[in-house]
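What follows is the residue order along each chain.
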Amino acid sequence: MQSSVRARSLGIRFAVAAATLAATLFTAEAVQAKEFVAHRAERTVIDRTNAERARFGPKPLKASARLMNQARRHAQWMASSGNFRHGSDGVAENIAWGQNSSDDAIGDWMNSSGHRANILGGYTHMGASWARGNDGRLYWVQQFSSGESDEVELAEQKPNKAS
């Protein structure tokens, strides 16, 4: 009987320790999931988009990890394939190529009625990215959606010591 009580006590201690460890890991993952490392140009596209929205009245857009990743994939696909066309992710999207900076891309989008409508539209979240093609040309992507559940804070990418 005494060994049965001891075994139960050890089992309870193990369960408490396991639950504590799981809660700690879950909390750490949740904190990590709230931060998304973004390239300076990606962050600038989002910041400039929100500056334009502030100028004209709509609320700022929040970054979405899903939209950031989709925008990265699409920009990379356009750059590597040389194809300049919209993706099939089922979201509103602005694309551009040839602009040398994120400021230039935003400026061109704001001077186009359809792109401007996306930037100032009734969305709540966005993702943005760019990629450089083999020919050196830059490809830009913005994606817009509402009701995303993976809102993130953008952390700036740290410079690589090797570069």
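Note that the structure is a prediction, hence the values are computed from the model and not measured.

## Considerations on the nonpolar core
Okay, so step 1: Residues Val-45, Ile-46, Trp-109, Met-126, Trp-140 and Leu-154 are the most contacted members of the largest nonpolar core, which totals 23 residues.
Okay, so step 2: Residue assignment for this core shows that the elements contributing at least two residues are strand E1 (35-38), helix H2 (40-56), helix H3 (65-81), strand E3 (92-97), helix H4 (102-110), strand E4 (125-132), strand E5 (138-145) and strand E6 (151-156).
Okay, so step 3: The element best represented in this core is H4, accounting for four residues.
Okay, so step 4: For Val-45, the residues in contact, after removing those within four places along its chain, are Ser-102, Ile-106, Trp-109, Met-126, Ala-128, Trp-140 and Gln-142.
Okay, so step 5: Residues Met-78, Ala-131, Tyr-139 and Val-141 belong to the second largest nonpolar core, which totals eight residues.

## Description of the pattern of salt bridges
Okay, so step 1: Per the counting criterion, the structure on display carries eight salt bridges.
Okay, so step 2: For Asp-47, the salt bridge goes to Arg-43, with nearest N and O atoms at 3.8 Å. Taken together, the positions of Asp-47 and Arg-43, both in helix H2 and four residues apart, correspond to about one turn of that helix.
Okay, so step 3: The partly exposed category is assigned to Asp-47, whose relative accessible area is 44%.
Okay, so step 4: Salt bridges sharing common partners tie together Arg-48, Glu-52, Arg-55 and Asp-103.

## Thoughts on the environment of Gly-114
Okay, so step 1: Structurally, Gly-114 can be placed in helix H5 (residues 113-119).
Okay, so step 2: The class of Gly-114 is partly exposed, set by a relative accessible area of 43%.
Okay, so step 3: Sequence separation of Gly-114 and Asn-94 is 20 residues, and the distance between their C-alpha atoms is 8.7 Å.

## Examining the environment of Ala-155
Okay, so step 1: Along the chain, Ala-155 falls in strand E6.
Okay, so step 2: When the C-alpha positions of Ala-155 and Lys-34 are compared, they lie 9.9 Å apart, and in sequence the two are 121 residues distant.
Okay, so step 3: Not counting chain neighbours up to four residues away, the residues in contact with Ala-155 comprise Glu-35, Phe-36, Val-37, Ala-38 and Arg-43.

## Observations concerning the sheet that holds strand E2 (residues 62-64)
Okay, so step 1: Judged by pairing direction, the sheet is mixed, and its six strands sit side by side in the order E1-E6-E2-E4-E5-E3 without closing on themselves. Either end of the sheet is taken by a strand with one partner, and the two such strands are E1 and E3. Strand-to-strand twist in this sheet, taken as the mean axis angle between neighbours without regard to direction, amounts to 45°.
Okay, so step 2: In terms of strand pairing, E1 meets E6 through four bridges, oriented parallel.

Cut-offs and rules
- Residues numbered from 1 in each chain as written.
- Predicted model: local features only at pLDDT ≥ 70, side-chain atom pairs only at ≥ 80, totals over all residues.
- Heavy atoms only, no water.
- Core = buried A, V, L, I, M, F, W, Y, C linked by side-chain atoms within 4.5 Å.
- Buried < 20%, exposed > 50% of the residue type's maximum accessible area, 1.4 Å probe, protein only.
- Helix = DSSP H or I, 4+ residues; strand = E, 2+ residues; numbered from the N terminus.
- Contact = heavy atoms within 4.5 Å.
- Salt bridge = Lys/Arg side-chain N within 4 Å of Asp/Glu carboxyl O.
- Pairing = 2+ DSSP bridges.
- Axes fitted to C-alpha atoms, helices over the stretch in contact; angles between N-to-C directions.

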